[in-house]
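# Breakdown of the fold
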Amino acid sequence: MSPIVKVESVSKSFGPTRVLEDVSFQVEPGSVVAVIGRSGSGKSTALRCIDRLETVDQGRIEVCGHDITAPGLNLQQLRRDVGIVFQSYNLFPHMTVEQNVMLAPRLVLKRNRAELRHGADAALAQVGLADKAGAYPSQLSGGQQQRVAIARSLAMSPKLMLFDEVTSALDPELTGEVLRVMEKLAADGMTMILVTHEMAFARKVADEVVFMHRGKVWEHGPAAMLDAPVTEELHNFVGSSL
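On a predicted model such as this, the values are computed, not experimentally measured, just so you know.

## Focus on the overall build of the protein chain
In terms of regular secondary structure, the protein chain is built from 8 helices and 10 strands. Here the protein chain has a C-alpha radius of gyration of 18 Å; the compact-globule value for 242 residues is 18 Å, and the two agree. C-alpha extents for the protein chain along the principal axes are approximately 50 × 45 × 35 Å. With 242 residues in all, the protein chain has 53% of them scored as buried. Taking as baseline every contact in the protein chain between residues at least 6 positions apart, the subset at least 24 positions apart corresponds to 65%. Counting only carbon and sulfur atoms, one obtains 50% of the accessible surface of the protein chain, whose full area is about 11100 Å².

## A word on the UniProt feature "domain: ABC transporter" (unreviewed entry) in the protein chain
In this numbering, the UniProt entry assigns the feature "domain: ABC transporter" (unreviewed entry) to residues 5–238. Between the C-alpha atoms that bound residues 5–238 the distance is 26 Å, and the span itself is 36% helix and 26% strand.

## Here's the deal with the nonpolar core
Nonpolar side chains in soluble globular proteins generally cluster together in the buried interior. Grouped together as the largest cluster of nonpolar side chains are 51 residues, with contacts concentrated most on I150, F163, M182 and M192. A per-element tally of this core places helix α6 (residues 172–187) first, with 7 residues. If we skip the residues at most four places from it in the chain, F163 touches L47, V85, I150, M182, L185, M192, I193, L194 and V195. Listed in part, the 30 residues of the second largest apolar core include L20, F25, L78 and V82.

## Considerations on the packing of helix α3 (residues 97–109) against helix α4 (residues 113–126)
Across the interface, α3 lies against α4 with an axial gap of 9 Å and an inter-helix angle of 120°. Between α3 and α4, the interaxial angle falls into the category oblique. Viewed along their axes, α3 and α4 form a crossing whose handedness is right-handed. Here V97, E98, V101, M102, P105 and R106 of α3 lie close against α4, whose contacting residues are R113, L116, R117, A120, D121, A123 and L124.

Rules and cut-offs
- Residues numbered from 1 in each chain as written.
- Predicted model: local features only at pLDDT ≥ 70, side-chain atom pairs only at ≥ 80, totals over all residues.
- Heavy atoms only, no water.
- Helix = DSSP H or I, 4+ residues; strand = E, 2+ residues; numbered from the N terminus.
- Rg over C-alpha atoms; globule rule 2.2 N^0.38 Å.
- Buried < 20%, exposed > 50% of the residue type's maximum accessible area, 1.4 Å probe, protein only.
- Contact = heavy atoms within 4.5 Å.
- Areas by Shrake-Rupley, 256 points an atom, 1.4 Å probe, with all protein chains shown as cover.
- UniProt positions renumbered as here; feature names shortened; annotations may be inferred.
- Core = buried A, V, L, I, M, F, W, Y, C linked by side-chain atoms within 4.5 Å.
- Axes fitted to C-alpha atoms, helices over the stretch in contact; angles between N-to-C directions.
- Parallel < 35°, antiparallel > 145°, perpendicular 65-115°, else oblique.
- Left-handed = near helix turned anticlockwise from the far one by under 90°.

This is how it looks when you write it as structure tokens:
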């Protein structure tokens, strides 16, 4: 099968600041790719470019068969195929958990109420929150809210899931419950790209690791490369993460 994501020689600047420079990597269907690196290395910008939340200055990105850099890109179709979860949960406080999860399928996929409820129940079960459908976000812990955000993306039946440092605002216990959900998704075959500082999780779950430094892909390979860095930059980064 062809890669589900192809990032080819991508560069991106914000004003005079170059944040991505000649970035290239691929993601195979069913694989998990962890993007790691220090703050400011370009990780989150690369992820946002993959979901077309940012446009690129040079290069090409293909995601789920969509040419992200094409002027005629169908953004709505892209949003159906790609789910993204951020550090902030962005749940609507006046809606129940179930209503939050059903919102996008109702607006985008035009599903009827029975289909919406079935999809929401299935997505909440995937993240271990089937019993919280009627709760409001304020009644949940941070970890539970993040799991609802994951369920909201899963309800769209995406081909690819993107995670942008989704545990960085959580304490260790809540981080663990979110990572367990992500590990289960990986085991179930979901294609995932995760920007993360959780090195132990990257070692355990990732099929490949992309180490970014100064806006470039500095090292790229299987997760085992974290135990035998080639460059001094990755060696220092891994050492500082222990």
